[in-house]
Amino acid sequence: MDEKSDLKVQNLTKLYALVMLKSKEAVTGYYILNKLKKDLGKTSSPTYVYDFLKKLKNDGYIEEIPTEESKRSKGYKLTPSGVAFTDKIFSRFDNLIEVAIQSKLEICASCGVKLYDNYYSEKVGNKTLNFCCKHCAKAFKENQN
Ligand SMILES: [Zn+2]
């Protein structure tokens, strides 16, 4: 273990924050908090997430970059040493990450395709169902009748 001793990734919040940093161009603390809530049903304290980002930045693993999403909040991206750091963490948690993410993925109620960030929700009967697109929703409803 040659990690800096004070930077430990010992829970899903931190791990998932790293997953987001790895998978996106620019990630804001706000985005991380929202995604945690949406994907994992976790409400994390903003302080906790921002402190973690600050630590990553102090250790040179992420750098600030401007974002289009929000002028007020800063975006972060991994530095080359941050990429190496996350790769090392991920190799340790590989299966865990997969399980955590897969189990929270919705699937299209019509065609069964996995739904990531963008999907289409529509009320069918008294339930709100998720579809990959409007066409699938339409096909699904036609099959119901
Ligand atoms: Zn579909």
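Below is a summary of the structure that appears in this document. Just so you know, these numbers come straight off a predicted model, no measurement behind them. (Residues numbered from 1 in each chain as written. Predicted model: local features only at pLDDT ≥ 70, side-chain atom pairs only at ≥ 80, totals over all residues. Heavy atoms only, no water.)

Section: the packing of helix α2 (residues 29–40) against helix α3 (residues 46–58)
Following both chains from N to C, one finds α2 and α3 inclined at 130°, their axes separated by 10 Å at the closest point. On the basis of their axis angle, the class for α2 and α3 is oblique. Judged by the sense of rotation from one axis to the other, the crossing of α2 with α3 is right-handed. Of α3, the residues touching α2 (which contributes G29, Y30, I32, L33 and L36) are P46, V49, Y50 and L53. Among the residues making up the contact of α2 with α3, the classes are represented as 8 nonpolar, 1 polar and no charged. (Axes fitted to C-alpha atoms, helices over the stretch in contact; angles between N-to-C directions. Helix = DSSP H or I, 4+ residues; strand = E, 2+ residues; numbered from the N terminus. Parallel < 35°, antiparallel > 145°, perpendicular 65-115°, else oblique. Left-handed = near helix turned anticlockwise from the far one by under 90°. Contact = heavy atoms within 4.5 Å. Nonpolar A, V, L, I, M, F, W, Y, C, P; charged D, E, K, R; others polar.)

Some details on the pattern of salt bridges
Within the structure shown, the criterion is met by 6 salt bridges. Its salt-bridge partner being K22, residue D87 comes within 2.6 Å of it at the nearest N-O pair. Here the residue D87 occupies a position in helix α4 (residues 80–104), and K22 occupies one in helix α1 (residues 12–23), the gap between them amounting to 65 residues. Judged by its relative accessible area of 36%, D87 is partly exposed. (Salt bridge = Lys/Arg side-chain N within 4 Å of Asp/Glu carboxyl O. Buried < 20%, exposed > 50% of the residue type's maximum accessible area, 1.4 Å probe, protein only.)

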